[in-house]
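Overview (structure and organization)
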Amino acid sequence: MKIYRCAKVVKGGRRFRFAALVIVGDRKGQVGIGYGKANEVPVAVEKGIKAARKGLFTVPMKGHTLPHTITGRFGAAKVIMVPASEGTGVIAGVHLRPLLELAGIRDVLTKSVGSPNPKNLVKAGVNGLKGLRTAETIAKLRGVKLS
């Protein structure tokens, strides 16, 4: 999703290292994020993909949207995600859009508040998605039956 370049100044010039923020998903409810660092971009991306696959989690959905409105927070970044009606599409910023699309969410409205830092925005989005619950899950936790 994003490549970061970091320079270290040494006697002979500059030494560059790279970091990659990666999102993986199957578009069917499984998604994960990873962060990899290395001396070359392809190695950093590979490490990021490996880390993202380790951290895959399931996103509960209601059709192709979210079961309810949720706010995700991480650091100074805050992301508000609202379920939308069929055909709305993914209304999201450039950093949150890949996360939602790879999770399989097709209809959602989002708003980011606070820090525009891509790492924190994506982590806030993940935080929000992990906090989602379906009506069946809540009914099971409370020990009641849905009517």
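Just above sits the structure.
So, here is what we can say about the structure in this document. Please read these numbers as outputs of a predicted model, since none were measured by experiment. (Residues numbered from 1 in each chain as written. Predicted model: local features only at pLDDT ≥ 70, side-chain atom pairs only at ≥ 80, totals over all residues. Heavy atoms only, no water.)

Some remarks on the nonpolar core
Counting 27 residues, the largest nonpolar core has Val31, Val59, Met81, Leu100, Ile105 and Leu129 as the members making the most contacts within it. Those elements that place two or more of their residues in this core are strand S2 (13–25), strand S6 (77–83), helix H2 (97–103) and helix H3 (118–130). When residues in this core are grouped by element, the largest group, five residues, is from H3. Once you skip the residues sitting within four places of it in the chain, Val31 turns out to touch Ile23, Val24, Gly25, Gly55, Leu56, Phe57, Val59, Leu99, Leu102 and Ala103. Core analysis: the next-biggest nonpolar cluster, separate from the first, contains six residues, Val22, Val24, Ala38 and Ala52 among them. (Core = buried A, V, L, I, M, F, W, Y, C linked by side-chain atoms within 4.5 Å. Buried < 20%, exposed > 50% of the residue type's maximum accessible area, 1.4 Å probe, protein only. Helix = DSSP H or I, 4+ residues; strand = E, 2+ residues; numbered from the N terminus. Contact = heavy atoms within 4.5 Å.)

Overview of the pattern of salt bridges
Summed over the entire model, instances satisfying the criterion amount to one salt bridge. The salt bridge partner of Glu101 is Arg97, with a shortest N-O separation of 3.7 Å. With Glu101 and Arg97 both in helix H2, this residue pair falls four residues apart, about one helical turn. Accessibility expressed as a relative area gives 32% for Glu101, which makes it partly exposed. (Salt bridge = Lys/Arg side-chain N within 4 Å of Asp/Glu carboxyl O.)

Points about the sheet that holds strand S1 (residues 2–10)
Pairing is antiparallel across the open sheet formed by four strands, whose spatial order is S1-S2-S3-S4. In the strand order of this sheet, the two ends are held by S1 and strand S4 (57–58), each with one partner. The sheet contacts of helix H1 (residues 41–54) involve S1, S2 and strand S3 (30–38), and relative to S3 the element is tilted by about 145°. (Pairing = 2+ DSSP bridges. Axes fitted to C-alpha atoms, helices over the stretch in contact; angles between N-to-C directions.)

Some remarks on H1
Compared with the 20 Å implied by 1.5 Å per residue over 14 residues, the 20 Å span of H1 between its first and last C-alpha is a close match. Every buried residue of H1 is accounted for by Ala44, Gly48 and Ala52. Angular distribution of buried residues about the axis of H1 spans 70°; they occupy a single face of the element. Across H1 from its buried face, at more than 90 degrees, point the exposed residues Pro42, Glu46, Lys50, Arg53 and Lys54. For H1, the secondary structure elements touched by its buried residues are S2 and S3. (Expected span 1.5 Å × (residues − 1). Arc of directions from axis to C-beta.)

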